[in-house]
Amino acid sequence: MRKLAEYFWKVILPVAILVAICWYFYTKLRQPELYSGLITIRWQWLCLAALLYLTAHTLWASYWVILLRNQGATVKWITGIRSYFISQMGKYVPGKVWVIVLRVGMLGNSLGISRTAVGITATYEAFVSMAAGAFVGALLLSTLAPEQMGLEGISIYWVIPLGMIPIGLVGLNRFINRVSRWRKGPNAPQLPRVKLHMVIFGILMGSLGWFIMGASLWCVVKGIIPQASLMSWDQVGHFTSINAIAYVIGFMAFFMPAGSGVREFAMQKLLTLELAPIMATNQATAIAVVLAIVLRLTWTVAELLCAGCLYWFVPGPGISKELTATVQSA
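A short tour of the structure in this document, coming up. As the structure is a computational prediction, the values presented were derived from the model and not from experiment.

1. Thoughts on the packing of aromatic side chains
- In this structure the tally under the stated criterion is 9 aromatic pairs.
- Ring geometry for Tyr-53 and Trp-299: centres 4.7 Å apart, planes at 15 degrees, overall stacked. One end of the pair, Tyr-53, is in helix 2 (residues 43-70); the other, Trp-299, is in helix 10 (residues 281-313), with 246 residues separating them in the sequence. With respect to burial, Tyr-53 and Trp-299 carry one shared label: buried.
- Where Tyr-84 meets Phe-85, the ring centres are 5.4 Å apart and the plane angle is 85 degrees; that geometry is what we call edge-to-face. There is no split in this pair, since Tyr-84 and Phe-85 are both buried.
- Each residue in the set Tyr-53, Trp-60, Trp-210, Tyr-247 and Trp-299 is aromatic and connected to the rest through ring pairs, giving one cluster.
- For Arg-103, the ring lying beneath its charged end belongs to Trp-64, and the centroid distance is 4.6 Å.
- A cation sits over an aromatic face here: Arg-263 above Tyr-247, 4.1 Å from the ring centre.

Written as structure tokens, this is what we have:
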């Protein structure tokens, strides 16, 4: 029975949701007028969107390196960046836990700190980044149309509690350590601690990344819709909020690999209302689907290329100097 429930949770439910969303997108993309000059592809904007996406994640990866060093790790910045981007491939496995597993596996005990510390800092980085997204999305909600402040009639303010998780983890960490000392004495092993000021610093640092992600979405819009030339930089705030909310919703759907489908569905709903003032409603609905799909493809390709380059051309911990020299000369 347990195996059946696990199979349902990891396979049947994600596939069923993905098929339903794909069918919904297919019905929206069947409109013939969609392909009669309504959309275009300007590759320079898509390339810029990819670079902005990688910049945002590099910022979040840098925060993880700071957390590692705060725990006493002797880690080079490029080594942390390499491990971060390669581990991102783990999010395409249901449950998202493989991101942390891969980081622990790649760095292990090679940094002068325990595997537990590597795993805890990776967990904090993930939740702090999403917390920053929840706060930024909520902060910018007032810039959106009233209709966008609810998704299918349900208020999207419920993403805000996610922002409190890292702060809650700080308290939970202290509680566990105190219980351990109470039960086993003052010399009991303690879990690695991430202090509150590091969490607050991470939320501020992560918020900058979400504005960069919003600019990336804005570039995709500019690269697909000819009418987007009329859009101003003021709307970057709109797209930052839309992207942050949709991304966080996708993250919370942890049973979906990388939030696939769920993030795109939420983004399509929010983008439709954003595009409605400059085109017909049915056209806005269809183009919002195109934007959500192109955004996913742009970011995924950029992530795969970056991870591949870092894997092949940047040595990981424990690689010999001879192999390092060979890679650098290749």
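2. Some thoughts on helix 8 (residues 236-252)
- With 17 residues, helix 8 extends 24 Å between its outermost C-alpha atoms, agreeing within 8% with the 24 Å of an ideal straight helix rising 1.5 Å per residue.
- When you tally the buried positions in helix 8, you get 15 out of 17 residues, the bulk of the element.

3. So, the pattern of salt bridges
- One pass over the structure, following the stated rule, counts 3 salt bridges.
- Residue Glu-264 pairs with Arg-296 through a salt bridge whose shortest N-O separation is 2.6 Å. Placement of the pair is Glu-264 in helix 9 (residues 262-275) and Arg-296 in helix 10, with a sequence separation of 32 residues. Each of the two residues, Glu-264 as well as Arg-296, counts as buried.

4. Some thoughts on the packing of helix 5 (residues 115-139) against helix 8
- Contact pair helix 5 / helix 8: the axes reach a minimum separation of 8 Å and the direction vectors enclose 135 degrees. The orientation of helix 5 relative to helix 8 falls into the category oblique. In the packing of helix 5 onto helix 8, the handedness of the crossing is left-handed. Only Thr-240, Ser-241, Ala-244, Ile-245, Tyr-247, Val-248 and Phe-251 of helix 8 make contact with helix 5, whose side of the interface consists of Phe-127, Met-130, Gly-133, Ala-134, Val-136 and Gly-137.

Rules of the game
- Residues numbered from 1 in each chain as written.
- Predicted model: local features only at pLDDT ≥ 70, side-chain atom pairs only at ≥ 80, totals over all residues.
- Heavy atoms only, no water.
- Phe/Tyr/Trp six-rings, centres within 6.5 Å; stacked < 30°, edge-to-face > 60°.
- Helix = DSSP H or I, 4+ residues; strand = E, 2+ residues; numbered from the N terminus.
- Buried < 20%, exposed > 50% of the residue type's maximum accessible area, 1.4 Å probe, protein only.
- Lys NZ or Arg CZ within 6 Å of the ring centre and 35° of its normal.
- Expected span 1.5 Å × (residues − 1).
- Salt bridge = Lys/Arg side-chain N within 4 Å of Asp/Glu carboxyl O.
- Axes fitted to C-alpha atoms, helices over the stretch in contact; angles between N-to-C directions.
- Parallel < 35°, antiparallel > 145°, perpendicular 65-115°, else oblique.
- Left-handed = near helix turned anticlockwise from the far one by under 90°.
- Contact = heavy atoms within 4.5 Å.

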